[in-house]
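The residues making up each chain are set out below.
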Amino acid sequence: MTTIALLASLTALGYALCYLAVCAASPWGRCRRCHGRRYHRTAIGTRRDCRPCDGTGIRVRLGRRLINYIRTEYRAGHQ
């Protein structure tokens, strides 16, 4: 039973490390609201600039935000 738990935790850790590596190499992802189109349709059918991405169609990935936060805290502690 402990080998299954160890294997599961190592697998989860491996996925997390791979995701952080992807976020370090490619920090931008497509916006979830507009799917990279830079606009979305309103309820009456008109186009409107996407508010979450400010009409750029891209967003910063969650893992990259985590990397930036850790880096900022590390630098603030070593000043």
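Just so we're clear, the structure is a prediction, and the values are computed from it rather than from any experiment.

What counts and what doesn't
- Residues numbered from 1 in each chain as written.
- Predicted model: local features only at pLDDT ≥ 70, side-chain atom pairs only at ≥ 80, totals over all residues.
- Heavy atoms only, no water.
- Helix = DSSP H or I, 4+ residues; strand = E, 2+ residues; numbered from the N terminus.
- Rg over C-alpha atoms; globule rule 2.2 N^0.38 Å.
- Buried < 20%, exposed > 50% of the residue type's maximum accessible area, 1.4 Å probe, protein only.
- Contact = heavy atoms within 4.5 Å.
- Areas by Shrake-Rupley, 256 points an atom, 1.4 Å probe, with all protein chains shown as cover.
- pLDDT = per-residue confidence, 0-100.
- Patch = residues over 30% accessible without salt bridge, like charges linked within 9 Å, V, L, I, M, F, W, Y side chains within 5 Å.
- Salt bridge = Lys/Arg side-chain N within 4 Å of Asp/Glu carboxyl O.

### Topic: the overall build of the chain
At step 1: From N to C terminus, the chain includes two helices and four strands.
At step 2: Each helix (α) and strand (β) of the chain, taken in turn from the N terminus, gives the series α-β-β-β-β-α.
At step 3: Scaling as 2.2 N^0.38, a compact globule of 79 residues should have a C-alpha radius of gyration of about 12 Å, whereas the chain reaches 18 Å, well beyond that.
At step 4: A principal-axis box enclosing the C-alpha atoms of the chain has dimensions of 55 × 45 × 20 Å.
At step 5: Burial analysis of the chain (79 residues in total) assigns 15% to the buried set.
At step 6: Contacts spanning at least 24 positions in sequence make up 53% of the contacts within the chain whose residues lie at least 6 apart.
At step 7: Split by element, the accessible area of the chain, about 6700 Å² in all, is 60% carbon and sulfur.

### So, the environment of Arg 33
At step 1: Of note, Arg 33 is situated in the loop between strand 1 (28-30) and strand 2 (39-41).
At step 2: Residues Arg 33 and Thr 3, 30 residues apart in the sequence, show an inter-C-alpha distance of 41 Å.
At step 3: Leaving out residues up to four positions away in the same chain, Arg 33 has contacts with His 40, Cys 50 and Pro 52.

### Digging into the confidence of the model for the chain
Close inspection of predicted coordinates is inappropriate for parts of the model with low pLDDT.
At step 1: Looking at the chain, the pLDDT average stands at 89 and 99% of residues meet or exceed 70.
At step 2: Within the chain, the lowest mean pLDDT, 80, falls on strand 2, and the highest, 93, falls on helix 1 (residues 2-25).

### Focus: the environment of Ile 58
At step 1: Tracing the backbone shows Ile 58 in strand 4 (residues 58-60).
At step 2: We classify Ile 58 as partly exposed; its relative accessible area is 39%.
At step 3: C-alpha separation for the pair Ile 58 and Val 22, spaced 36 residues apart in sequence, amounts to 16 Å.
At step 4: The contact partners of Ile 58, leaving out residues within four places of it in the chain, are Trp 28, Gly 29, Cys 31 and Cys 53.

### Quick word on a nonpolar patch on the surface
At step 1: On the surface, a nonpolar cluster with roughly 400 Å² of combined accessible area is contributed by Leu 6, Leu 10, Leu 13 and Leu 17.
At step 2: Within the secondary structure, Leu 6 sits in helix 1.

### Thoughts on unusual backbone geometry
At step 1: Of note, the phi angle at Arg 38 is positive, near 75°, even though the residue is not glycine.
At step 2: Within the element layout of this structure, Arg 38 appears in the loop between strand 1 and strand 2.
At step 3: For Asp 54, which is not glycine, the phi dihedral falls at a positive 55°.
At step 4: With respect to the helices and strands, Asp 54 occurs in the loop between strand 3 (47-49) and strand 4.
At step 5: The exposed category is assigned to Asp 54, whose relative accessible area is 66%.

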